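One-letter residues, chain by chain:
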Amino acid sequence: MSLEHAILGFLNYRPLTGYDLKKIFDTSVRHFWQADQSQIYRTLNRLADEGLAEMETVEQTDRPDRKVYHITEHGKEELQQWLRSSQPPERPRVAPLIQIFFAGQLSDEEVLTIVENAANKVRAGLTQYDLIPEDMEAYSEYMQSPREFAFWMLTLEAGKTSARAHLEWLESVIERIQQGKIPSE
């Protein structure tokens with residue numbers, strides 16, 4: 001997935017500012033696609049330069065003018081083409097797995113600390129996942145049908161399923177270390 005296509009997807013719902021896009025990213029897709037404010041603004045400028053979006057300046061008397069971005073017909077065509085295309089597999093980079101890969105150089109206690117910390121982070125992430133449906137409700141007006149919300153929720157399901165599987169594996173590593181099933185030096 002590209003940030004460009006994610007932004008086009010949101011602009012396809014309605015015109016948005018960069019600030020609005022950051023808010024919707026943080027409450028709807030953050031569990032699998034993060035974007036910081038500067039990335040969003042750079043991408044909006046690029047989309048406008050490429051004719052996929054256009055910027056409208058909305059004057060305000062009590063604040064700085066707002067830059068509201070609209071998807072163009074060309075942007076809609078690009079989004080539809082991308083939605084229909086096959087995406088290459090992503091190869092994740094997971095720093096804790098690199099630690100575990102080389103953890104044979106550490107004591108069991110040190111490895112347990114690393115793995116237990118990783119498991120606690122996954123548990124905290126699962127707790128955060130439980131808050132996402134409520135956050136997503138704030139954007140239900142963006143969707144034109146319950147079908148769209150169902151697909152939003154499928155991405156959350158994927159995140160939860162993946163996190164639960166990772167937690168199960170981490171807990172099995174903890175158990176094997178505690179039971180002495182990992183060879184010692």
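Our subject is the structure that appears above.
In short, a report on the structure. (Residues numbered from 1 in each chain as written. Predicted model: local features only at pLDDT ≥ 70, side-chain atom pairs only at ≥ 80, totals over all residues. Heavy atoms only, no water.)

1. Digging into the nonpolar core
- The biggest cluster of nonpolar side chains holds 44 residues, and the ones touching the most others in it are Ile7, Phe10, Leu11, Leu21 and Phe25.
- Contributing elements (two or more residues each) for this core: helix 1 (3–13), helix 2 (18–29), helix 3 (37–49), strand 2 (66–71), helix 4 (73–84), helix 6 (108–137) and helix 7 (146–178).
- With 10 residues, the single largest contributor to this core is helix 6.
- With residues up to four places along the chain from it excluded, the contact list for leucine 21 reads Ile7, Phe10, Leu11, Leu16, Ile40 and Leu44. (Core = buried A, V, L, I, M, F, W, Y, C linked by side-chain atoms within 4.5 Å. Buried < 20%, exposed > 50% of the residue type's maximum accessible area, 1.4 Å probe, protein only. Helix = DSSP H or I, 4+ residues; strand = E, 2+ residues; numbered from the N terminus. Contact = heavy atoms within 4.5 Å.)

2. Focus on helix 3
- Between its first and last C-alpha atoms helix 3 spans 19 Å; for 13 residues at 1.5 Å apiece the expected length is 18 Å, and the two agree.
- Listing the buried residues of helix 3 in full gives Ile40, Thr43, Leu44 and Leu47. In an axial view of helix 3, the angular spread of the buried residues amounts to 105 degrees, which keeps them on one side of the axis.
- Buried residues belonging to helix 3 abut helix 1, helix 2, strand 1 (53–58) and strand 2.
- Immediately beyond the C-terminal end of helix 3, within one or two residues, lies glycine 51, with a positive phi of roughly 80 degrees. (Expected span 1.5 Å × (residues − 1). Arc of directions from axis to C-beta.)

3. Here's the deal with the side chain of threonine 17
- Assignment of secondary structure puts threonine 17 in the loop between helix 1 and helix 2.
- The buried category is assigned to threonine 17, whose relative accessible area is 7%.
- Beyond its immediate stretch of four places on either side in the chain, threonine 17 contacts Arg66, Lys67 and Val68.

4. With respect to helix 4
- Over its 12 residues, helix 4 runs 17 Å from end to end, which matches the ideal 16 Å to within 8%, given 1.5 Å per residue.
- Every buried residue belonging to helix 4 is among Gly75, Leu79 and Trp82, and all of these are buried. Considered in projection along helix 4, the buried side chains sweep an arc of 65 degrees and stay on one side of the axis. Opposite its buried face, helix 4 presents the exposed residues Glu73, Glu77, Gln81 and Arg84, each directed more than 90 degrees away.
- Lining the buried residues of helix 4 we find helix 1 and strand 2.

5. Considerations on the packing of aromatic side chains
- This structure, assessed with the given rule, holds 5 aromatic pairs.
- With 5.4 Å between their ring centres and 65 degrees between their planes, phenylalanine 10 and phenylalanine 25 make a pair best called edge-to-face. Of the two residues, phenylalanine 10 is situated in helix 1 and phenylalanine 25 in helix 2; the sequence distance between them amounts to 15 residues.
- The class for phenylalanine 25 is buried, based on a relative accessible area of 1%.
- When the centroid spacing of 6.4 Å and the interplanar angle of 85 degrees are considered together, the rings of phenylalanine 10 and tryptophan 152 count as edge-to-face. Linking phenylalanine 10 in helix 1 with tryptophan 152 in helix 7, this pair joins segments that are 142 residues apart in sequence. Residues phenylalanine 10 and tryptophan 152 agree in their burial class; the two are buried. (Phe/Tyr/Trp six-rings, centres within 6.5 Å; stacked < 30°, edge-to-face > 60°.)

6. Section: the pattern of salt bridges
- Summed over the entire model, instances satisfying the criterion amount to 6 salt bridges.
- Ionic pairing is found between aspartate 26 and lysine 22, a salt bridge with its closest N-O pair at 3.0 Å. Of this pair, aspartate 26 and lysine 22 both sit in helix 2, 4 residues apart, which is roughly one turn of that helix.
- In this structure, glutamate 73 and lysine 76 form a salt bridge, with 3.8 Å as the shortest nitrogen-oxygen distance. One end of the pair, glutamate 73, and the other, lysine 76, are both in helix 4, 3 residues apart, so they sit about a helical turn from each other. (Salt bridge = Lys/Arg side-chain N within 4 Å of Asp/Glu carboxyl O.)

7. As for the packing of helix 1 against helix 2
- The N-to-C vectors of helix 1 and helix 2 enclose an angle of 100 degrees; their axes lie 11 Å apart at closest approach. In terms of their interaxial angle, helix 1 and helix 2 are classed as roughly perpendicular. Along its contact with helix 1, which presents Leu3, Ala6, Ile7, Phe10 and Leu11, the element helix 2 presents Leu21, Ile24, Phe25, Ser28 and Val29.
- Among the residues making up the contact of helix 1 with helix 2, the classes are represented as 9 nonpolar, 1 polar and no charged. (Axes fitted to C-alpha atoms, helices over the stretch in contact; angles between N-to-C directions. Parallel < 35°, antiparallel > 145°, perpendicular 65-115°, else oblique. Nonpolar A, V, L, I, M, F, W, Y, C, P; charged D, E, K, R; others polar.)

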